[in-house]
Amino acid sequence: MGLPVLVVSLLIATVVHGDSALSPLIRASYGVLPHMTSSALPSAVYVNCANGSDANTGATGASALKSVQHALAMAGAQHIHVAGGICNLSSPLQITRSVNVHGDGRTAFSGGHQITGWGPSPRHPGSGILVADVSHFPIPEIKSLRLGGTALLRGRWPKRVGDGLTSPNFMFAMPWSQSVAAPADARTWHGLGIDPTKLPLSAQNFSDRGVWHSTYAHILGCVEKDVNSQLTRVMNVSGTPEPLCGVLFRNAFTVAQRFYFENVDWGALDPSEFYHDMLNHKLYIYPCLLYTSPRPRDS
């Protein structure tokens, strides 16, 4: 089996009915194709980014265009139907008129960059985890990845097991946390108290810069899907006198408030997870298509 080519998605927008839900990056202007008049254009235009051709008329699914950009340039097009799959964009879509864009639930726009040069990870021998060098990647932080049509998630701790407030998916801010709300809703330094017994062995060495350098803390609100949850970079970590990780946080959090760590490779990556080592400029993925059996995990 050949190694996968991974697409890093800087913009992924699931296409829904109507134009108001599209990303603000999808904007600007359009033009009319010079070889067609608006009266000759159908009001419904079909796009298939994988198998279409911009030499087609776009009048039916069988004669679909290849790019959404060409469909938008057709002045008579009022409804653009985009087949399922990823439409890779080299520049923002340009829209200044009312137009309805329809997807089939599997449609995505991606302004991502392809990452190649994958090989087995020396850090995880025999695991199926792959690594690539991203030292020349154009952005310092990779937040979203797609492998084919599958979205990969950043590795997290604790691992997700089920759902709900009683699941073991979270850690809890300890009594020695240091959190005072700042004026004007500003983001200021807070100390998030950690129970080290809830961490895997690989994360209990607070002096190891490499273990914590790329870590984020996802601090949740009072309900399972609280929109006020905050994802914040771990700025520093200390084991004395009590374990604390420093974060920039808005308002204040309370003792026993739930959180989990994100973008970590503590113990092991699960299938369909990735980890961006920003210190050493390496990207690790565990593709689900290579997953065969459970692996032992650091505990």
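Residues numbered from 1 in each chain as written. Predicted model: local features only at pLDDT ≥ 70, side-chain atom pairs only at ≥ 80, totals over all residues. Heavy atoms only, no water.

J.: Explain the pattern of salt bridges to me, using residue names and the numbers behind them.
T.: Per the counting criterion, the structure on display carries six salt bridges. One salt bridge connects Arg-106 with Asp-104, and the closest N-O pair in it is separated by 2.8 Å. With a shortest N-O distance of 3.1 Å, Arg-123 and Asp-265 are connected by a salt bridge. Of this pair, Arg-123 sits in the loop between β9 (119-120) and β10 (130-133) while Asp-265 sits in the loop between β19 (258-262) and β20 (273-277), and the two are 142 residues apart along the sequence. Owing to a relative accessible area of 44%, Arg-123 belongs among the partly exposed residues under this scheme. According to the relative accessible area criterion, Asp-265 is buried, its value standing at 10%. Each of Glu-141, Arg-154 and Glu-262 takes part in one network of salt bridges that share partners. (Salt bridge = Lys/Arg side-chain N within 4 Å of Asp/Glu carboxyl O. Helix = DSSP H or I, 4+ residues; strand = E, 2+ residues; numbered from the N terminus. Buried < 20%, exposed > 50% of the residue type's maximum accessible area, 1.4 Å probe, protein only.)

J.: Before we move on, could you go through the pairing of strand β16 (residues 216-219) and cite the residues and values that matter?
T.: Side-chain direction in a regular strand flips from residue to residue, so the side chains alternate between the two faces of the sheet. Neither face of β16 is left uncovered, since the one carrying Tyr-216 and His-218 and the one carrying Ala-217 and Ile-219 both have all their residues buried. Inspection of the sheet shows β16 paired to strand β17 (residues 230-238) by four bridges, in the antiparallel sense. Across the sheet, residue Tyr-216 finds its bridge partner in β17, namely Arg-233. Direction of pairing for β16 relative to β19: antiparallel, over a ladder of four bridges. Looking across to β19, one finds that Ala-217 is bridged to Phe-261. (Pairing = 2+ DSSP bridges.)

J.: With reference to specific residues and values, describe the state of the cysteines.
T.: Tallied over the entire structure, the rule returns one disulfide. The side chain of Cys-49 participates in a disulfide bridge whose partner is Cys-87; the two sulfur atoms lie 1.9 Å from each other. Because the sign of the S-S torsion sets the handedness, a value of about 90 degrees for the bond joining Cys-49 and Cys-87 places this disulfide among the right-handed ones. In this pair, Cys-49 sits in the loop between β3 (44-47) and α1 (68-72) while Cys-87 sits in strand β5 (residues 85-88), placing the two residues 38 residues apart along the sequence. For Cys-49, a relative accessible area of 16% translates into the label buried. (Disulfide = S-S within 2.5 Å.)

J.: So what's going on with the pairing of strand β18 (residues 244-250)? Residues and values would help.
T.: Along β18, five of the seven residues are buried, which leaves the element largely enclosed by surrounding structure. Pairing of strand β15 (residues 187-193) with β18 involves seven bridges; the strand directions are antiparallel. When the bridges of β18 are listed, Leu-192 appears paired with Cys-245. Bridge count between β17 and β18: four bridges; the pairing is antiparallel. Within the sheet, the bridge partner assigned to Asn-236 lies in β18 and is Gly-246. Between β17 and β18, which pair antiparallel in sequence order, lie five residues.

J.: Lay out the sheet that holds strand β4 (residues 79-82) with the relevant residues and their values.
T.: Ordered in space as β3-β4-β6, the three strands form an open sheet in which the pairing is parallel. Either end of the sheet is taken by a strand with one partner, and the two such strands are β3 and β6 (100-102). Neighbour-to-neighbour, the strand axes of this sheet turn through a mean angle of 20 degrees, independent of strand direction. (Axes fitted to C-alpha atoms, helices over the stretch in contact; angles between N-to-C directions.)

J.: Lay out the nonpolar core in plain terms, naming residues and giving numbers.
T.: Of all hydrophobic cores here, the largest spans 22 residues; its most connected members are Leu-199, Trp-212, Phe-261 and Trp-266. When contributions to this core are tallied by element, the ones reaching two or more residues are α2 (209-212), β16, β17, β18 and β19. Ranked by residue count, the leading element in this core is β18, at three residues. The contact partners of Leu-199, leaving out residues within four places of it in the chain, are Trp-157, Met-171, Ile-194, Gln-204, Phe-206, Trp-212, Phe-261 and Trp-266. (Core = buried A, V, L, I, M, F, W, Y, C linked by side-chain atoms within 4.5 Å. Contact = heavy atoms within 4.5 Å.)

J.: I'd like a rundown of the side chain of Ser-121, residues and numbers included.
T.: If you trace the backbone, Ser-121 turns up in the loop between β9 and β10. Sequence-distant contacts of Ser-121, defined by excluding residues within four places in its chain, comprise Ile-129, Leu-130, Val-131 and Tyr-284.

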